[in-house]
Amino acid sequence: MKNFRALNYVLLTIRISMVVTLISFLFFSHLALAAGPISAITTPNAPGPDMPTTIRLQSYIVDVRASFIVWVVNGERVQEGVGSVEYKFTTGSLGSESRIEALITAPDGATSKESVTIRPALVDILWQADTFVPPFYKGKAMPTHGSAIRAVALPQFGQSADVSKTAFFKWSRDLSRGLGEGTGLSMVNTDATWARATMQLGVEVRSQDGSYKAARAVPILSAEPQVQFYEDSPVFGVRFEKALSGIVKSSEAEFHLHAVPYFFSSTDRLYNKLLYKWYVDNQLVRTAGGINDDITILNTETGSKDHRVLLVLQNSAHVTQKTGGDVGISFSE
Amino acid sequence: MEPDQQEQEGGQKKTIQIIIILVLLLLIAGGIIWWFFLRGDGSAGGPRGSVVPFGLFGGDDTRPPTDTGRPNNGIGSDTGERPRLWKISSYPVAGATEYVNPAGVHFIRYIEKERGNVYDVEPWPLRESRVTNETIPRIHDAVFGMNGSSIIFRYVNQVGTIMTNLKQIVLNPAGGDVAGTLSEGEILPNDIDTLSVSPDGEAVFFLTRDNDGVAHGKLLDLPTRSVSEVFTFPFSEWIPQMISKNTIFLTTKASGIYEGYGYKYLTNTHELSKVIDNKKALTTQFSPSGKRALYSENISGSFYTLLYDESNSGIHIPFSPGFTTMPEKCTWSRNSEKAYCGAPSTFPPGLLPDYWYQGRISFSDNIWAYDAVKNESEQLGSPQALAGVDLDITSPFLSKDGSTLFFINKGDSMLWAFTIGAPLTEAEQTDSTMTANDGASISTASTTTSSN
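These numbers were taken from a predicted model, which means no experiment stands behind them. (Residues numbered from 1 in each chain as written. Chains lettered and ligands numbered in written order. Predicted model: local features only at pLDDT ≥ 70, side-chain atom pairs only at ≥ 80, totals over all residues. Heavy atoms only, no water.)

**Student:** Where do I start with the overall build of chain A in this structure?
**Tutor:** Regarding its fold elements, chain A presents 2 helices and 23 strands. The proportion of buried residues among the 333 residues of chain A is 46%. A sequence separation of at least 24 residues applies to 58% of the contacts in chain A between residues at least 6 apart. (Helix = DSSP H or I, 4+ residues; strand = E, 2+ residues; numbered from the N terminus. Buried < 20%, exposed > 50% of the residue type's maximum accessible area, 1.4 Å probe, protein only. Contact = heavy atoms within 4.5 Å.)

**Student:** Mind showing me how you'd approach the overall build of chain B here?
**Tutor:** When helices and strands are counted, chain B shows 5 helices and 28 strands. When each of the 452 residues of chain B is scored for burial, the buried share is 55%. When contacts within chain B are restricted to residue pairs at least 6 apart in sequence, those whose partners lie at least 24 apart make up 46%.

**Student:** I keep staring at the state of the cysteines and nothing clicks. Help me out?
**Tutor:** Throughout this description, disulfide means a covalent bond between two cysteine sulfur atoms. All names here are of chain B. Counting across every chain of the model gives 1 disulfide over all chains. Here C330 pairs with C341 through a disulfide, and the sulfurs are 2.1 Å apart. Looking down the S-S bond of the C330 and C341 bridge, the torsion is 115°, so its handedness is right-handed. Here C330 is found in strand 22 (residues 330-332), whereas its partner C341 is found in strand 23 (residues 338-344), with 11 residues between them in sequence. In this structure C341 comes out as buried when scored by relative accessible area, which is 0%. (Disulfide = S-S within 2.5 Å.)

**Student:** I keep staring at the environment of A141 of chain A and nothing clicks. Help me out?
**Tutor:** Within the secondary structure layout, A141 of chain A lies in the loop between strand 8 (121-129) and strand 9 (148-157). Using a relative accessible area of 2% as the deciding quantity, one classes A141 of chain A as buried. A C-alpha to C-alpha distance of 9.5 Å links A141 of chain A and F264 of chain A, two positions 123 residues apart in sequence. A141 of chain A has contacts with A129, T131, V133 and F263 of chain A together with E237 of chain B, leaving out every residue within four places of it along the chain.

**Student:** I keep staring at the interface of chain A and chain B and nothing clicks. Help me out?
**Tutor:** Interface size is often expressed as the accessible area that is lost when the parts come together. Contacts between the two partners involve 43 residues from chain A, matched on the other side by 47 residues from chain B. Around 3,800 Å² of area is buried between chain A and chain B when both sides are counted, 55% of it from carbon and sulfur atoms. Taken as a group, Q128, F136 and K138 of chain A account for 20% of the area that chain A buries against chain B, more than any other trio of residues on that side. If you look at where chain A meets chain B, you find 5 salt bridges. The salt bridge partner of R216 of chain A is D277 of chain B, with a shortest N-O separation of 3.4 Å. At the surface where chain A touches chain B, the tally comes to 21 residue pairs in polar contact (both at pLDDT 80 or more). (Buried area = accessible area lost by both parts, 1.4 Å probe. Salt bridge = Lys/Arg side-chain N within 4 Å of Asp/Glu carboxyl O. Polar contact = N/O pair within 3.5 Å; in protein donor to acceptor, adjacent residues only side chain to side chain.)

**Student:** Could you clarify how one ought to interpret the sheet that holds strand 23 (residues 322-331) of chain A in this entry?
**Tutor:** Strand pairing in a sheet is mediated by backbone hydrogen bonds. Such pairs are either parallel or antiparallel. Residue and element names in this part refer to chain A. Read from one edge of the open sheet, 5 strands run 17-23-22-19-20, paired in mixed fashion. Strand pairing shows two members of the sheet lacking a second neighbour, strand 17 (247-250) and strand 20 (283-288), which therefore form its edges. When the angles between neighbouring strand axes are averaged without regard to direction, this sheet yields 20°. In the sheet, strand 19 (residues 274-280) pairs with strand 20 via 5 bridges, with the strands oriented antiparallel. The residue of strand 20 that forms the bridge with K277 is T287. (Pairing = 2+ DSSP bridges. Axes fitted to C-alpha atoms, helices over the stretch in contact; angles between N-to-C directions.)

**Student:** Explanation requested: the pattern of salt bridges in the structure shown.
**Tutor:** For side chains of opposite charge, pairing can occur when their charged atoms come near one another. All names here are of chain A. Under the counting rule described, the total for this entry stands at 29 salt bridges over all chains. Between R119 and E97 there is a salt bridge, and its shortest N-O distance comes to 3.0 Å. Placement of R119 in the loop between strand 7 (111-118) and strand 8 and of E97 in the loop between strand 5 (86-90) and strand 6 (98-105) is noted, with a sequence separation of 22 residues between them. Assessed through its relative accessible area of 22%, R119 is described here as partly exposed. Since its relative accessible area comes to 47%, E97 is described here as partly exposed. For K113, the salt bridge goes to E101, with nearest N and O atoms at 3.5 Å. With K113 in strand 7 and E101 in strand 6, the pair connects residues that are 12 residues apart, well separated along the chain. Since its relative accessible area comes to 48%, K113 is described here as partly exposed. A residue is classified by how much of its surface remains accessible, and E101, at 16% relative accessible area, is buried.

**Student:** Would you mind going over the environment of F136 of chain A with me for this structure?
**Tutor:** Along the chain, the position of F136 of chain A falls in the loop between strand 8 and strand 9. Remark: the alpha-carbon pair of F136 of chain A and R286 of chain A, spanning 150 residues in sequence, is separated by 28 Å. If near-sequence neighbours (up to four positions away) are discounted, F136 of chain A is found in contact with H140, D141, R154, Y155, V156 and I162 of chain B.

**Student:** Would you explain the confidence of the model for chain A in this entry?
**Tutor:** For any part of a model where pLDDT is low, the fine detail of the predicted coordinates should not be relied upon. Looking at chain A, pLDDT values average 89 and 89% of them are 70 or higher. Here residues 24-35 of chain A is a poorly scored stretch, pLDDT under 50, and it has 0 contacts once near neighbours within four places are set aside; other chains count. (pLDDT = per-residue confidence, 0-100.)

**Student:** Would you take a moment to explain the pairing of strand 14 (residues 213-221) of chain A for this structure?
**Tutor:** Put simply, side chains in a regular strand alternate between the two faces of the sheet. Only one face of strand 14 of chain A is buried, namely the one carrying A214, R216, V218 and I220 of chain A, since none of K213, A215, A217, P219 and L221 of chain A on the opposite face is buried. What sits between strand 13 (residues 198-206) of chain A and strand 14 of chain A in their antiparallel hairpin is a turn of 6 residues, with G210 of chain A showing a positive phi close to 80°.

**Student:** Sorry if this is basic, but what is going on with the nonpolar core here?
**Tutor:** A general tendency of soluble globular proteins is for nonpolar side chains to be buried together. Among the nonpolar cores identified, the biggest contains 68 residues, and W171 of chain A together with F205, F231, F233 and W238 of chain B are the most heavily contacted of them. Setting aside residues up to four positions removed in sequence, F233 of chain B forms contacts with L126, V152 and L154 of chain A together with V214, A215, W238 and L272 of chain B. Among the nonpolar cores identified, the runner-up in size contains 20 residues, and V227, F255, I297 and L311 of chain A belong to it. (Core = buried A, V, L, I, M, F, W, Y, C linked by side-chain atoms within 4.5 Å.)

**Student:** How do you make sense of the packing of aromatic side chains when you look at a structure like this?
**Tutor:** Overall, the coordinates contain 29 aromatic pairs over all chains when judged by the stated rule. Ring centres of Y262 of chain A and F263 of chain A lie 5.5 Å apart, and the angle between their planes is 55°; this geometry places the pair in the tilted category. Residue class for Y262 of chain A comes out buried when judged on its relative accessible area of 1%. Just above the ring of F132 of chain A sits the side chain of R269 of chain A; from NZ or CZ to the centre is 3.8 Å. Over the face of the ring belonging to W356 of chain B we find K410 of chain B, whose NZ or CZ atom lies 4.2 Å from the ring centre. (Phe/Tyr/Trp six-rings, centres within 6.5 Å; stacked < 30°, edge-to-face > 60°. Lys NZ or Arg CZ within 6 Å of the ring centre and 35° of its normal.)

**Student:** Looking at this structure, I do not really get unusual backbone geometry. What am I missing?
**Tutor:** Peptide bonds are, in most cases, trans, and in most cases residues other than glycine have a negative phi. At the junction of T43 of chain A and P44 of chain A, the peptide bond is cis and its omega measures out at 0° in the coordinates. With respect to the element layout, P44 of chain A can be found in the loop between strand 1 (38-43) and strand 2 (52-59). Each neighbour pair has its own omega, and for W124 of chain B with P125 of chain B the value is -10°, a cis peptide bond. Looking at where P125 of chain B falls in the secondary structure, it is placed in the loop between strand 4 (118-122) and strand 5 (127-130). Positioned with a positive phi, F136 of chain A is a non-glycine residue whose angle comes to about 75°.

**Student:** Teacher, can you tell me more about the pairing of strand 19 of chain A here?
**Tutor:** Residues and elements named next belong to chain A. Residue alternation in strand 19 divides its side chains into a buried set, L274, Y276, W278 and V280, and an unburied set, L275, K277 and Y279. Taken together, the 7 bridges between strand 19 and strand 22 (residues 306-315) define a ladder with antiparallel strand orientation. Each residue of the ladder has a partner; that of W278, found in strand 22, is L311. What sits between the antiparallel neighbours strand 19 and strand 20 is a turn of 2 residues, in which D281 has the positive phi angle 55°.

**Student:** Any chance you could explain the sheet that holds strand 16 (residues 237-238) of chain A here in plain terms?
**Tutor:** Pairing within the open sheet is antiparallel, and its 4 strands lie in the order 16-15-18-21 (chain A). Strands at the two margins of the open sheet, each flanked by one partner only, are strand 16 and strand 21 (294-298) of chain A.

**Student:** Looking at this structure, how should I read the side chain of T131 of chain A?
**Tutor:** Mapped onto the elements of the fold, T131 of chain A is located in the loop between strand 8 and strand 9. Once residues lying within four places of it in the same chain are set aside, the contact partners of T131 of chain A are A141, M142, P143, T144, S147, F263, F264, S265 and S266 of chain A.

Right under this line is the structure:
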């Protein structure tokens, strides 16, 4: 009985193997036919406008190195020769179209033709970090570890108007990790990597009919948060035009100091996740969550006229976001 | 009384009379000299010399020019001609423009930063009058439209929200201490991040960001006060510059370590086309035609100013303007052929433009003219050499006749004027380490920026 069962298993295994082999043969033979014996590889894969580009012929069946090859661009012969497997050129402008044909005559006299149509396309990646900068700040908000990053791909296909809704997008991070793909997926959210490390944010995009394709990757370097101090003038408001450092002299009865926690996650700041520790002359004078950007230093009648103000900041939601800074206030007698 | 005594007293009286007459004559002569030589153009009111930071009498000098027509030492003159460089506001300024009154007289209209009062100034001889006295405290910046009659004030409220208020100057027909009042005003949306006024002053483009992080660009038509949304985009870090009601240039906010882009946006077709691609530290200043722009770029750690010229080969070709600066320190002539810029001889160390925006570094600028057609530069003057002052130029604009460059000094927000066109003195020329149209000197002058 046992021997009979074992025989059945062996026969079943043989049958399955035969079916798999047959299916594999049919599939790959179909693929080979579809691909043809010679393939033309374009480098870069999705060339943009005015970009140096190479087309190279490859085959495992035809000896292309021994073949006579004629290259024709938009109907005009541009290059020919035995073993001329590579054609280098510069793509046209945005909206142009170049049809490149390779006419191959193999050593045995068999002829074949490979053709590639290049339609240069572009895609830009615009990204912004959700990190804090003061009102009216004209610079870019830098990403810091864990902060949210929003990226938007802006494709340009020839003279077409906005194609973002119909194009297919495929996003990646550091070349390997997929961030999403789909038609109309022109925007993606991710987060910033470790401080001083760089993330590669990439996108491949192609038009609905596949005639246009473009790719781009941008490096996104993560910065560290920082604190800068400014005078909060009762008359003029916060004087963002001059950051305070070293020792600041004041002849007033009090000095209003405003701290800006540059590049901490905006959302965390808004939800009171930042912990402020204010020290004056090495004494902790205030520990508080929430938004505690301001402190007033008094010019007292007695005691020292010179004060050192230190602020230590930490984001409790993203603990790697932390920084500190200090400034001296010197009151005149 | 003895006759001798009478004679003596008579002699004393005569002496006193002679002294009085001499004093009177001296006063009259002094008055004549002042009237004809020291007073400027002699018109009523006279120059408000106290704001001129240089001169014979402790800063109150309005010296006439030398016979060469060039201001003496570049800062004052000996025959009543206006100086080369002079301060024209009495108070820190939030914004300024040129205003032409109904009689055709040109003024500089500015808004005081502290109280939001509006002032008109005749640049030379300096004469200043307050136009409004309503108090709007702690103005951050203000822009004008409609020939200076519409004002958009911007300030931060106590919880850190950017407030934007549109007001109209209503002139008081009865006259009085002040020429007019401010209308009740219209509150524009909170947290308008950036805005730009069209060159004709009739439209304002402004950007807000909604809770989903989507940017909404709106066009405010000042004559009708109507607002229409013309731009929606999921990325919001833009610096806009309006060239016309239909054309807006949008440049991504810059950092020295990240690439930026510049686009042209047509509000009627909603077409967004790229004009400047992938430049680190990219900031721009487009010409009125929109066919040229000065832009900055960080190349291998060095900061450069370059020219985008659409009309030359139809694409952007970088030219060297001969000096290095932040493009927002520049303003273009009306015909888009020349740019006038503040540019430092040397850059303090630090990542640009980030450190400058954060107030961590400041510049001591010289004033340059750049001819974009000939690709030639000329240093016009040095505030250090002219007046011994360090000026960090922001918000420059040209007078309508192109003779004067006005700008705000970033350090103290005071408004200055600089006469364009007079040749440099030797002292001014030697102050600069850069030479005009000298490609080699650019790299010498540009400072290596550091990564933060």
